[in-house]
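# A closer look at the structure
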Amino acid sequence: MNVDDARRLHDLRAALKRAKPNELFSLDDVALLWGTSKSRFVTVRDQMATFPAPQPAPKEMGLAPKAYVYPARAAIEAMLAHATRHEDIDRAKAERTAAMLGQRRVEGDAAPLHNVNELQTVNRLAAEIEERERAQGLYIPVADVAAVAGELFSELSEFVSELANRIDPHGSLAPDVRLLIADQGKEALLLLHRRLKDMLRADAVAKTNRDQADRAGQPRARRPRKGSVRQTPR
């Protein structure tokens, strides 16, 4: 950001703090705040999608007949949005790039903010990072992850199925309390099963282990090239 743009942002933010709820700005006021002539500002104003519509100036403002004014706060907010539009695009592109490189998980679909050359660069970097992580032992076979998860889930399921008897071995609790313990344990197991299924499915598909995974009741894998999942570094 150059010096003029930085100064404009500073002035706009300061003006927004000072602006009163019902204050009105003339065209001279908004042009001066933007730092240009009225004629040049009108051209820029037409590019501001959220700039408020003009309204006839009140007589007490002492402006020329048929002069128009704008709600001050709405006008300043529109100018701020226009002045920072490139920052928003750059921030979104940086977040999108980070997501494509596996640095964080994105919720929902992100808009395609990269051109072809940028996508090629990002894909190349992502491949290089993945190869480096594999060389450092940060990936393990998906079959191993599924096997360990299956064993742990089986042990936990056995424990939960006997939970009521473990808590109340002599049957001292009321039947409805024992039933509640059993039901809550089943709900917790179902929730855990769904979470494990989602986490393991996110990195699954090797065609070679798809049938085996189905027979074993294990989640499918999605990386046909390597058939492995990423291990979180410690």
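This report concerns the structure included in the present document. Note that residues are indexed from 1 along each chain, following the sequence as it is written. Since the coordinates come from a predicted model, pLDDT governs what is reported: local features require at least 70, and pairs of side-chain atoms require 80 or more to be given and counted, while whole-chain, interface and lining totals use all residues. Each side-chain value is derived from all of the structure's non-hydrogen atoms; neither hydrogens nor water enter the calculation.

### Things to note about the sheet that holds strand 2 (residues 55-56)
Note: two strands are recorded as paired if DSSP finds a minimum of 2 bridges between them. Strands are runs of DSSP state E lasting at least two residues, helices are runs of H or I lasting at least four, and both sets are numbered from the N terminus onward. Spatial strand order, 1-3-2: 3 strands in an open sheet with antiparallel pairing. Each of the sheet's edge strands pairs with one partner strand only, and the pair in question is strand 1 (24-26) and strand 2. Residues are treated as being in contact if the distance between any of their heavy atoms lies within 4.5 Å. A fitted line through C-alpha atoms represents every axis, and for helices the fit uses only the stretch in contact; the resulting angles, taken between N-to-C directions, go from 0 to 180 degrees. The strands touched by helix 2 (residues 27-34) within the sheet are strand 1 and strand 3 (68-71), with strand 1 carrying the most contacts at an inclination of about 80°. In this fold helix 4 (residues 72-83) packs onto strand 1 and strand 3, with an angle of close to 75° to the strand it touches most, strand 3.

### Looking at the pattern of salt bridges
For this document, the term salt bridge refers to a Lys or Arg side-chain nitrogen within 4 Å of an Asp or Glu carboxyl oxygen. Tallied over the full model, the rule gives 3 salt bridges. Across the salt bridge formed by arginine 178 and aspartate 168, the nearest N and O atoms sit 3.0 Å from each other. Remark: aspartate 168 occurs in the loop between helix 8 (163-167) and helix 9 (175-201) and arginine 178 occurs in helix 9; sequence separation between them is 10 residues.

### Regarding the side chain of histidine 82
Mapped onto the elements, histidine 82 comes out in helix 4. Apart from residues no more than four positions distant in its own chain, histidine 82 is found in contact with Trp34, Val44, Gln47 and Met48.

### Looking at the packing of helix 1 (residues 3-18) against helix 4
The interhelical angle for the contact between helix 1 and helix 4, taken along N-to-C directions, is 155°, at an axis separation of 10 Å. The pairing of helix 1 with helix 4 is recorded here as roughly antiparallel in orientation. Seen from above, helix 1 lies across helix 4 with left-handed handedness. Contacts between helix 1 and helix 4 involve Leu9, Leu12, Arg13, Ala15 and Leu16 from the first element and Arg73, Ile76, Glu77, Met79, Leu80 and Ala83 from the second. When residues are sorted by character, Ala, Val, Leu, Ile, Met, Phe, Trp, Tyr, Cys and Pro go into the nonpolar class, Asp, Glu, Lys and Arg into the charged class, and all the rest, Gly among them, into the polar class. The class makeup of the residues in the contact of helix 1 with helix 4 is 8 nonpolar, no polar and 3 charged. Roughly parallel refers to an angle under 35 degrees, roughly antiparallel to one over 145, roughly perpendicular to one between 65 and 115, and oblique to any angle outside these ranges. Crossing handedness follows the turn of the near helix against the far one: under a right angle anticlockwise gives a left-handed crossing, and clockwise gives a right-handed one.

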